[in-house]
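Each chain, letter by letter, is given below.
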Number of protein chains: 2
Amino acid sequence: MGKLEETIAGVGPLDSAAMAAAKARQDTLTKPLGALGRLEELSIKVAGITGQALPRAFEHPTVIVMAGDHGITADGVSLYPAEVTPQMVYNFLNGGAGINVLARHVGAKVVVVDVGVAAELAPHPGLVNRKVAPGTANFAVQPAMTPAQARQALEAGIEVAEGEIAAGADILATGDMGIGNTTPSSAIVAAITGEPVAGVTGRGTGLDDAQLHHKIAVIEAALRLHQPDADDAMDVLCKVGGLEIGGLAGVILAGAAHRVPIVVDGFISGAAALIAAGLCPAVKPYLIAAHLSVEHGHRAVMRHLGLVPLLDLNMRLGEGTGAALAISIVSASVKVLREMATFGEAGVSEAAETAADEADSRVK
Amino acid sequence: MGKLEETIAGVGPLDSAAMAAAKARQDTLTKPLGALGRLEELSIKVAGITGQALPRAFEHPTVIVMAGDHGITADGVSLYPAEVTPQMVYNFLNGGAGINVLARHVGAKVVVVDVGVAAELAPHPGLVNRKVAPGTANFAVQPAMTPAQARQALEAGIEVAEGEIAAGADILATGDMGIGNTTPSSAIVAAITGEPVAGVTGRGTGLDDAQLHHKIAVIEAALRLHQPDADDAMDVLCKVGGLEIGGLAGVILAGAAHRVPIVVDGFISGAAALIAAGLCPAVKPYLIAAHLSVEHGHRAVMRHLGLVPLLDLNMRLGEGTGAALAISIVSASVKVLREMATFGEAGVSEAAETAADEADSRVK
């Protein structure tokens, strides 16, 4: 059994006893029942994921940003030249990108991984080199990657995540960098959800109408050419995927196998989550959807995974920027559960126990 | 001219030069144009509010929680007894309430103000005593407060906020505590927006159907009795308002007059914002709507003020809990503007300048 199969086999169900205990505690805290809404639900989910009835506050949030290039950019699907991928990797390493700012804001570490950048990157203490290939092949004409490359990308993600977890990471967030990567993401979403390509393909970094129609046509033609099997996530990843997308799917699998909550960023991370859930449906309950991306295909991803994003701030940057903001919300949810006083501790009267009786006596 | 009139006269327009400069800088940062969505817009709004083209990062976020009681609770509009208001004030002072946890999470100070609690509160270094009256009168039978009391409540809010601003507060958030206070809030919202009472009245801490119908009937009867003038916010506040709501309206006016961003919590704070905007329409651009409350009347507040909430987490606790979470988002927006590298600084290539030409050459 390889690393991939081992990891998939290691993903178990959420801990229902921990969830029941967390729910019971929420109901004793000094607030009307359910008044903190999704914060309460999140804290219960974290209890189930971690197996801790009273989850520890997160001390080492970690954003794993996977970078890769895409052969499909030769077909003019992005406004930016592919050279921007390595340029942005250096920007990450220098701390000047959006993800750096937002990760610092929430106290998260950023780990930058080269899974498939089409350039030789200068070594840097902050850069993890797990390059599988210098970009994918152009999937307009051939499969994006071989099965061996897909496995390497997935296992790179698993191993990087496991290394971070071993070093203390207690909540993981996914991020991506790869010029052109909304194109493979839309292809993956269309292939797996069965939605029409036009319904899941957006403007990426800012395509105009003609460019968008071209991008849709490129994806439709590729799906006709390759006929990826919706029920075989590995087949989809090989034929129309991306190396960083495979890497992120690996991060997700490893997080779930190690009972670490995974905050899934936007559209590209969502495509990776579809791949991970295709390989291992048991990962779904471990996922926390950070935000709703402007890329409208993201809605189909959320529907398919049964997730409701925490934030909707009209963002479409990727890099893990939405996930970084969401880490703060998840962290807040755990603190609510840990730190709020109970009615008993605070000496606060509870609501009328028999609301109906109370109403009867009052509404006369 | 009294404190109230002085403050209202001090509210000027946003600084459009600072906003233009902030927008220009956003467009040079290493991300596709507009890719950080509402974070970009927020940073520009903060520039306009503060008059700083590159706003300073917030160092002293301050949540002002105004507490007051409501004579209308005699009519059975809440599941909780009025004694919970002082109990919760002590919970705030002991750091055990939801707002304490979330304010600590975002590094904000909590200021607790007694504007109208119907109990003698023990002195505490963290408690600001600005009690106008021990609760409002029951507005089912008489006006909630006199015009003099309404002015006192507003000026208490102004003075507390000014004290905090003088002590360094650079972003203010509003919070409330007052058993029964969704009832005056719904009355205010109906009176000012003209929406039907049933359309802006919710279950508060958890009323059942019969209790909700009773609450609606109580508010409808009060509005028929008092006939508050929609165009006279002071009249509305006196007849069906709350002392903590008046206090919060004062906080909002003071924030705007001193060019400090004001993060407005949920439904009760929204009612206070309607009063503030009624007294001084120029405050509207200074408001940042934190979250969409479960109390469905909050949508009418947002429509009337032309605001779109940052968060929608199914919350309905009040206390400033939604505002505390939103402070972190506003703070992140300023850091993005301040800390992200520009394309030039990072040596990152920009998008094709003439997108249409580019498309012409590529889509062939």
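Nothing here was measured: the structure is a model prediction, and the numbers come from that model.

What counts and how
- Residues numbered from 1 in each chain as written.
- Chains lettered and ligands numbered in written order.
- Predicted model: local features only at pLDDT ≥ 70, side-chain atom pairs only at ≥ 80, totals over all residues.
- Heavy atoms only, no water.
- Buried < 20%, exposed > 50% of the residue type's maximum accessible area, 1.4 Å probe, protein only.
- Helix = DSSP H or I, 4+ residues; strand = E, 2+ residues; numbered from the N terminus.
- Pairing = 2+ DSSP bridges.
- Contact = heavy atoms within 4.5 Å.
- Axes fitted to C-alpha atoms, helices over the stretch in contact; angles between N-to-C directions.
- Expected span 1.5 Å × (residues − 1).
- Least-squares fit on C-alpha atoms with pLDDT ≥ 70 in both.
- Domains from an automatic or database assignment.
- Buried area = accessible area lost by both parts, 1.4 Å probe.
- Parallel < 35°, antiparallel > 145°, perpendicular 65-115°, else oblique.
- Left-handed = near helix turned anticlockwise from the far one by under 90°.
- Nonpolar A, V, L, I, M, F, W, Y, C, P; charged D, E, K, R; others polar.
- Salt bridge = Lys/Arg side-chain N within 4 Å of Asp/Glu carboxyl O.
- Polar contact = N/O pair within 3.5 Å; in protein donor to acceptor, adjacent residues only side chain to side chain.

### Some details on the pairing of strand β4 (residues 171-177) of chain B
All names here are of chain B. The buried count for β4 comes to seven of seven residues, which makes it a mostly enclosed element. On β4, burial covers both faces: I171, A173, G175 and M177 on one face and L172, T174 and D176 on the other are all buried. Here strand β1 (residues 61-68) runs beside β4; their pairing, made up of seven bridges, is parallel. The partner of M66 across the bridge, within β4, is D176. Judged from the two bridges that link them, β4 and strand β5 (residues 262-264) form a sheet pairing that is parallel. Bridged to L172 within β5 is I262.

### Re the side chain of N138 of chain A
Locating N138 of chain A in the fold gives a position in the loop between β3 (127-129) and α6 (147-166). Discounting residues that sit within four places of it in the chain, N138 of chain A has contacts with G71, I72, A74 and D75 of chain A.

### Thoughts on the sheet that holds strand β6 (residues 287-289) of chain B
Residue and element names in this part refer to chain B. The strand order β3-β2-β1-β4-β5-β6 describes an open sheet built from six strands, whose pairing is parallel. Taken across any chain shown, the strands that pair with only one partner, and hence form the sheet edges, are β3 (127-129) and β6. Along the sheet, successive strands turn relative to each other by an average axial angle of 30 degrees, direction set aside. Pairing of β5 with β6 involves three bridges; the strand directions are parallel. For V264, the partnering residue across the bridge sits in β6 and is A289. Its contacts with the sheet place helix α13 (residues 321-339) against β1, β4, β5 and β6, and it is angled at close to 135 degrees to β5.

### Side note on helix α13 (residues 321-339) of chain A
Its 19 residues give α13 of chain A an end-to-end C-alpha distance of 27 Å, which sits within 8% of 27 Å, the value for a rise of 1.5 Å per residue. Most of α13 of chain A sits out of view: 16 of its 19 residues are buried.

### Concerning the relation of the copies chain A and chain B
If you rotate chain A by 180 degrees and push it 0.0 Å along the axis, it lands on chain B with an RMSD of 0.0 Å. Overall, the copies show the geometry of a two-fold rotation axis. The rotation axis passes nearest to the C-alpha of L311 of chain A in chain A, at a distance of 3.2 Å. A shared interface surface links the copies, since 100% of the contact residues of chain A are contact residues in chain B too.

### Focus on the domain arrangement of chain A
Residue and element names in this part refer to chain A. What the domain assignment reports for chain A is domain 1 (3-56 + 335-363) and domain 2 (61-332). Computed from C-alpha atoms alone, the centre-to-centre distance between domain 1 and domain 2 is 32 Å. Residue-level contacts link 22 residues of domain 1 with 30 residues of domain 2. Both faces considered, domain 1 and domain 2 share a buried interface measuring about 2,100 Å² in area, 64% of it formed by carbon and sulfur atoms.

### Focus: the packing of helix α2 (residues 16-26) of chain A against helix α3 (residues 37-50) of chain A
Residue and element names in this part refer to chain A. Between α2 and α3, whose axes approach to 7 Å, the crossing angle comes to 150 degrees. Considering their axes alone, α2 and α3 lie roughly antiparallel with respect to each other. The interaxial crossing formed by α2 with α3 has right-handed handedness. Residues A18, M19, A22, K23 and Q26 of α2 lie in contact with α3, whose contacting residues are L39, E40, S43, I44, K45, A47 and G48. Residue classes in the contact of α2 with α3 are distributed as six nonpolar, three polar and three charged.

### Side note on the pattern of salt bridges
Residues and elements named next belong to chain A. Here the structure, examined in full by the defined rule, presents 24 salt bridges over all chains. Between E162 and K3 there is a salt bridge, with its nearest N and O atoms 2.8 Å apart. A residue pair is termed long-range when its members are at least 10 positions apart, and E162 in helix α6 and K3 in helix α1 (residues 3-9) qualify at 159 residues. In this structure, K131 and D114 form a salt bridge, with 2.8 Å as the shortest nitrogen-oxygen distance. Here the residue K131 occupies a position in the loop between β3 and α6, and D114 occupies one in strand β2 (residues 109-116), the gap between them amounting to 17 residues. Members of the salt-bridge network, linked through shared partners, are E5, R151 and E155.

### As for the interface of chain A and chain B
In this assembly, 65 residues from chain A lie in contact with 65 residues from chain B. Taken together, chain A and chain B are joined by two salt bridges. Across the salt bridge formed by E339 of chain A and R104 of chain B, the nearest N and O atoms sit 2.9 Å from each other. Where chain A meets chain B, there are 20 residue pairs in polar contact (both at pLDDT 80 or more). When contributions to the side of chain A that touches chain B are tallied by element, the ones reaching two or more residues are α3, α4 (84-93), α5 (98-106), α8 (209-226), α13, α14 (343-346) and α15 (355-363) of chain A.

### What to know about the sheet that holds β2 of chain A
Residue and element names in this part refer to chain A. In space, the six strands of this open sheet follow the order β3-β2-β1-β4-β5-β6, with parallel pairing throughout. Looking at which strands have only one partner, the edges of the open sheet turn out to be β3 and β6 (287-289). Averaged over neighbouring strand pairs, the angle between their axes works out to 30 degrees when direction is ignored.

### Some thoughts on unusual backbone geometry
All names here are of chain B. Positive phi, close to 45 degrees, is recorded for Q227, a residue that is not glycine. With respect to the secondary-structure elements, Q227 resides in the loop between α8 (209-226) and α9 (233-240). Residues other than glycine seldom take positive phi values, yet R259 does so here, at roughly 55 degrees. Looking at the element boundaries, R259 is found in the loop between α10 (243-257) and β5.

### Some remarks on the packing of helix α7 (residues 182-193) of chain B against α8 of chain B
Residues and elements named next belong to chain B. Contact pair α7 / α8: the axes reach a minimum separation of 10 Å and the direction vectors enclose 50 degrees. By the angle class used here, α7 and α8 are oblique. Two packed elements cross with a definite hand, and for α7 against α8 that hand is right-handed. Counting all contacts with α7, which are made through T182, T183, S186, A187, A190 and A191, the residues of α8 involved are K215, I219 and L223. Class assignment of the residues belonging to the contact of α7 with α8 gives a composition of five nonpolar, three polar and one charged.

### Here we look at the environment of G250 of chain B
Residues and elements named next belong to chain B. Along the polypeptide, G250 turns up in helix α10. For G250, a relative accessible area of 0% gives the class buried. In the structure, G250 is positioned 246 residues away from L4 in sequence and 8.0 Å away in space, judged by C-alpha atoms. The contact partners of G250, leaving out residues within four places of it in the chain, are L154, G157 and I158.

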